[in-house]
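Per-entry structural report
The lines below spell out each chain.
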Amino acid sequence: MTKESVPIRSICVYCGSQPGRDPSHISAGRELGKAIAESGLRLVYGGGTKGIMGAVASGVLSNGGQVTGIIPEFLVDMEATRHSLGQLDELIITPDMHTRKHTMFERSDAFVALPGGIGTLEEIVEIMTWAQLGQHEKPMVFANVNGFWDPMMELIRHMNESGFIHTAHRVQPLVIDTVPEIIPAIRKQADEIRGSRSGAADVLAKL
């Protein structure tokens with residue numbers, strides 16, 4: 001892992017491999033994919049071609065964007081089809097989930113969690129944990145479509161107020177309700193991080 005902040009070139013999206021019951025979640029996936037493509041960014045995601053995962057990838061590809069899918073061998077026929085995976089610009093098949101998650105982290109400059117289940121929650125929480133431990137400063141976003149992540153935000157507030165998040169300043173994910181705001185917010189936060197690093201370096205140079 002690296003703590004260096006770099007310009008945003010790729011965005012990792014965590015989301016459900018199922019469509020869920022709210023049609024707006026699939027729509028948000030397609031809309032985010034389109035926004036990623038139109039912003040000239042690369043999508044890094046878990047390689048699934050079904051559910052919200054498939055909607056995000058389709059949104060990128062149908063708008064001329066680039067997609068890196070990273071999927072463990074045992075999930076290839078569960079969350080995708082080998083034919084549909086062949087449409088991705090880049091496909092990385094890993095031996096296990098641990099390698100998949102670490103590769104997604106290394107390939108990504110920011111992280112977005114769309115609605116999803118336990119796997120989606122586990123992935124974004126791990127990224128938050130690494131931030132809390134000072135291992136990265138990459139922007140993290142909860143795409144709060146129709147308030148999906150409200151219970152999660154309440155839980156984080158509860159943990160913080162109970163004294164269990166001792167480095168809360170490192171764990172400040174963006175909570176964004178509408179898809180069009182996501183990429184501008186990510187870029188703004190990345191610029192602020194680079195600016196603060198540059199300012200700190202200038203101060204140290206004068207000592």
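Structure first, text after, so check above.
In what follows, the accompanying structure is described. (Residues numbered from 1 in each chain as written. Predicted model: local features only at pLDDT ≥ 70, side-chain atom pairs only at ≥ 80, totals over all residues. Heavy atoms only, no water.)

1. Some words on the nonpolar core
What counts is decided by this rule: In this text, buried Ala, Val, Leu, Ile, Met, Phe, Trp, Tyr and Cys residues form a nonpolar core when linked through side-chain atoms within 4.5 Å. Working definition: with a 1.4 Å probe on protein chains only, accessible area under 20% of the residue-type maximum means buried, over 50% means exposed, and in between means partly exposed. Here, two residues are considered to be in contact whenever any of their heavy atoms come within 4.5 Å of each other.
Formed by 37 residues in total, the largest nonpolar core has its most connected members in I11, V13, I36, L43, V112, L114 and I182. The residues touching I182, leaving out its near neighbours within four places in the chain, are L32, V112, V141, A143 and I176. Residues V44, I124, F142 and V171 belong to the second largest nonpolar core, which totals 22 residues.

2. Re unusual backbone geometry
The condition that has to hold: Numbering of helices and strands runs from the N terminus; a helix is a DSSP stretch of H or I covering at least four residues, while a strand is a stretch of E covering at least two.
Positive phi is not limited to glycine here, since N146 has a value of about 55°. Inspection of the secondary structure assignment puts N146 in the loop between strand 6 (140–143) and helix 7 (150–161). With relative accessibility at 60%, the residue N146 sits in the exposed group.

3. A few points about the pattern of salt bridges
Here is the rule: Any carboxyl oxygen of Asp or Glu within 4 Å of a side-chain nitrogen of Lys or Arg constitutes a salt bridge here.
Applying the stated criterion across every chain, the model contains 8 salt bridges. Here E38 and K34 are joined by a salt bridge, their closest N and O atoms 4.0 Å apart. With a gap of 4 residues between them, E38 and K34 both fall in helix 1 (residues 23–38), about one helical turn apart. What makes E38 exposed here is its relative accessible area of 56%.

4. With respect to the packing of helix 5 (residues 97–107) against helix 6 (residues 118–132)
What counts, and what does not: Comment: axis = line fitted to C-alpha atoms, over the contacting stretch for helices; angle = value between 0 and 180 degrees taken between N-to-C directions. What sets the label is the angle itself: under 35 degrees gives roughly parallel, over 145 gives roughly antiparallel, 65 to 115 gives roughly perpendicular, and the rest give oblique. What makes a crossing left-handed is the near helix being turned counterclockwise from the far one by less than a right angle; a clockwise turn instead makes it right-handed. Lys, Arg, Asp and Glu make up the charged group, whereas Ala, Val, Leu, Ile, Met, Phe, Trp, Tyr, Cys and Pro make up the nonpolar group; the residues left over, Gly among them, are polar.
Helix 6 packs onto helix 5 with a crossing angle of 60° between their chain directions and a minimal axis gap of 12 Å. One way to sum up the angle between helix 5 and helix 6 is to call them oblique. For helix 5 against helix 6, the interelement crossing comes out right-handed. Judged by residue contacts, R100, K101 and F105 of helix 5 engage E122, E123, E126, I127 and W130 from helix 6. The residue inventory of the contact of helix 5 with helix 6, partitioned by class, reads 3 nonpolar, no polar and 5 charged.

5. Observations regarding the side chain of K138
Cut-off, in case you're wondering: Residues scored as charged are limited to Lys and Arg (positive) and Asp and Glu (negative), so that His and the chain ends carry no count. Here a polar contact is recorded for every N or O atom pair within 3.5 Å, except that within protein the pair must consist of a potential hydrogen donor and a potential acceptor, and residues adjacent in sequence are included only if both atoms are side-chain atoms.
When you line up the elements, K138 lands in the loop between helix 6 and strand 6. Buried and unpaired, K138 has no salt bridge, with D109 as the nearest side chain of opposite charge at 5.3 Å. Of note is the side chain of K138, whose polar atom sits 2.9 Å from the backbone oxygen of F105. If near-sequence neighbours (up to four positions away) are discounted, K138 is found in contact with F105, S108, D109 and F111.

6. A word on a nonpolar patch on the surface
Note the cut-off: Candidate patch residues must exceed 30% relative accessible area and have no salt bridge, after which like charges are joined if within 9 Å and Val, Leu, Ile, Met, Phe, Trp or Tyr side chains if within 5 Å. Here, Shrake-Rupley sampling with a 1.4 Å probe gives the accessible areas, and only protein chains in the shown set may cover a residue.
On the surface, F74, M78 and M97 cluster together into a nonpolar patch covering about 310 Å² of accessible area. Relative to the assigned elements, F74 resides in the loop between strand 3 (66–72) and helix 3 (76–79).

7. Some thoughts on the state of the cysteines
The condition is simple: The disulfide criterion used throughout: a pair of cysteine sulfur atoms within 2.5 Å.
Tallied over the full model, the rule gives 0 disulfides. Considering cysteine sulfurs only, C15 is the nearest to C12, which forms no disulfide, with 9.2 Å between them. A residue is classified by how much of its surface remains accessible, and C15, at 7% relative accessible area, is buried.

8. A word on the packing of helix 1 against helix 2 (residues 51–61)
Relative to each other, helix 1 and helix 2 sit at 30°, their axes nearing to 6 Å. The angle between helix 1 and helix 2 falls in the class roughly parallel. Crossing hand, helix 1 versus helix 2: right-handed. Contacts from H25, I26, G29, R30, G33, K34, I36 and A37 of helix 1 reach helix 2 at G51, I52, A55, V56, G59 and V60. Each residue belonging to the contact of helix 1 with helix 2 can be placed in one class, and the counts come to 7 nonpolar, 5 polar and 2 charged.

9. With respect to the pairing of strand 6
To be explicit about the condition: Here, a strand pair is defined by DSSP locating no fewer than two bridges between the strands. With its strands directed away from the observer, a crossover is right-handed exactly when the path from the first strand over the helix to the second travels clockwise.
Here strand 6 shows two buried faces, one formed by M140 and F142 and the other by V141 and A143. Here 3 bridges tie strand 5 (residues 110–113) to strand 6, and the two strands are oriented parallel to one another. Opposite F111, over in strand 6, you have M140 as the bridge partner. On the question of chirality, the crossover connecting strand 5 to the parallel strand 6 by way of helix 6 is right-handed. When strand 6 meets strand 7 (residues 174–176), the two strands line up parallel, connected through 3 bridges. When the sheet's bridge partners are listed, V141 is paired in strand 7 with L174.

Interpretation in functional terms is not warranted from these geometric data alone.
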